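Understanding the architecture of this molecule
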Amino acid sequence: MEKLRKSKTLKKLKTLFGGSKRTGRGPGRPRSPVSSRCDVVEGYGRPSVVHATIVIFLEFFAWGLLTSPTIEALKTAFPTGTFLKNGIIQGIKGLLSFLSAPLIGALSDAWGRKSFLLLSVFMTCAPIPILLFSPVAYFVAVAISGVFAVTFSIVFAYVADCTIEDDRSSAYGLVSATFAASLVISPALGTWIEDHTHGQAQVILLATMITIFNLVFIVFMVPESLPEKSRKASWGAPITWEQADPFCGS
């Protein structure tokens with residue numbers, strides 16, 4: 001009985017993380033989109049939730065390290081009205097994200113998830129090394145980066161591609177939990193490094209290195225989750241206004 005329970009647990013984990021080419025499909029359950037429509041993929045292994053969680057963890061771990069340096073940079077860049085100006089910057093970033101997310105999502109449906117995942121992580125994290133040179137330029141870059149700050153949207157689409165409907169909600173929960181976990185220790189770690197190295201440069205360099213590793217991971221390790229034939233069917237199709245309109249409910 002114990003062996004049977006372990007076998008079922010292992011099978012479920014393999015289904016969730018793409019460790020097996022089988023989908024663990026029972027009677028009446030739909031086949032996984034990846035297994036039924038895409039047999040050969042780029043990257044390492046088959047598209048899985050693990051790939052998505054690693055990308056999310058690394059991106060927000062890098063940003064978490066910058067918690068203390070960002071506060072110091074705010075005081076340097078904006079000696080007066082510090083938190084008001086920070087609110088304006090974050091508001092601009094959020095507004096740009098809101099306006100661009102539907103369009104980028106529609107384009108990822110046509111061209112694939114991987115390229116837009118790479119673009120989103122690169123553009124969202126591009127301001128990090130700028131903090132070494134100019135706090136003002138850093139905050140301007142943070143605000144502008146909102147155009148591409150839609151990693152979560154692409155990641156959720158990626159997860160939807162490589163999971164069956166019954167496993168999707170738990171997979172989304174895992175991605176959200178990974179995001180939270182990335183911010184548990186990174187702010188404290190960044191502060192500790194800053195205190196023991198007597199400077200912010202090491203923290204910023206570490207965050208930059210983690211970002212570079214994340215980009216390399218996406219390029220060489222993350223497989224495309226959207227099947228080739230699905231992309232070919234969409235390449236010639238125009239993007240409609242409804243798809244790009246952030247105020248459209250459909």
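Not measured: the values here are computed from a predicted model. (Residues numbered from 1 in each chain as written. Predicted model: local features only at pLDDT ≥ 70, side-chain atom pairs only at ≥ 80, totals over all residues. Heavy atoms only, no water.)

The next thing to look at is the nonpolar core. Ranked by size, the top nonpolar core spans 45 residues in total, and within it Leu66, Ile128 and Phe139 carry the most contacts. At the level of secondary structure, the elements contributing two or more residues to this core comprise α3 (49-65), α4 (67-77), α5 (82-111), α6 (113-125), α8 (135-144), α9 (151-161), α10 (165-197) and α11 (201-220). Element by element, the count of residues in this core is highest for α3, at ten residues. Not counting residues within four places of it along the chain, the set of residues in contact with Phe139 comprises Thr70, Ala73, Leu74, Ala77, Phe78, Asn86 and Ile89. (Core = buried A, V, L, I, M, F, W, Y, C linked by side-chain atoms within 4.5 Å. Buried < 20%, exposed > 50% of the residue type's maximum accessible area, 1.4 Å probe, protein only. Helix = DSSP H or I, 4+ residues; strand = E, 2+ residues; numbered from the N terminus. Contact = heavy atoms within 4.5 Å.)

Centre distance and the angle of the planes are the two values used to describe a pair of aromatic rings. One pass over the full model with this rule turns up ten aromatic pairs. Where Trp63 meets Tyr138, the ring centres are 6.4 Å apart and the plane angle is 40°; that geometry is what we call tilted. Taken together, the residues span a long stretch of sequence, with Trp63 in helix α3 and Tyr138 in helix α8 at a distance of 75 residues. Here Trp63 and Tyr138 have matching classes, each one buried. Taken together, Phe60, Phe152, Phe156, Tyr172 and Phe179 form an aromatic cluster joined through their ring pairs. For Lys93, the ring lying beneath its charged end belongs to Trp63, and the centroid distance is 5.5 Å. (Phe/Tyr/Trp six-rings, centres within 6.5 Å; stacked < 30°, edge-to-face > 60°. Lys NZ or Arg CZ within 6 Å of the ring centre and 35° of its normal.)

Turning our attention to the pattern of salt bridges. Here the structure, examined in full by the defined rule, presents two salt bridges. The residue Asp109 makes a salt bridge to Arg113 at a minimum N-O spacing of 2.6 Å. Its salt-bridge partner being Asp161, residue Arg113 comes within 2.7 Å of it at the nearest N-O pair. A residue pair is termed long-range when its members are at least 10 positions apart, and Arg113 in helix α6 and Asp161 in helix α9 qualify at 48 residues. Overlapping salt bridges, with partners in common, bring together Asp109, Arg113 and Asp161 in one network. (Salt bridge = Lys/Arg side-chain N within 4 Å of Asp/Glu carboxyl O.)

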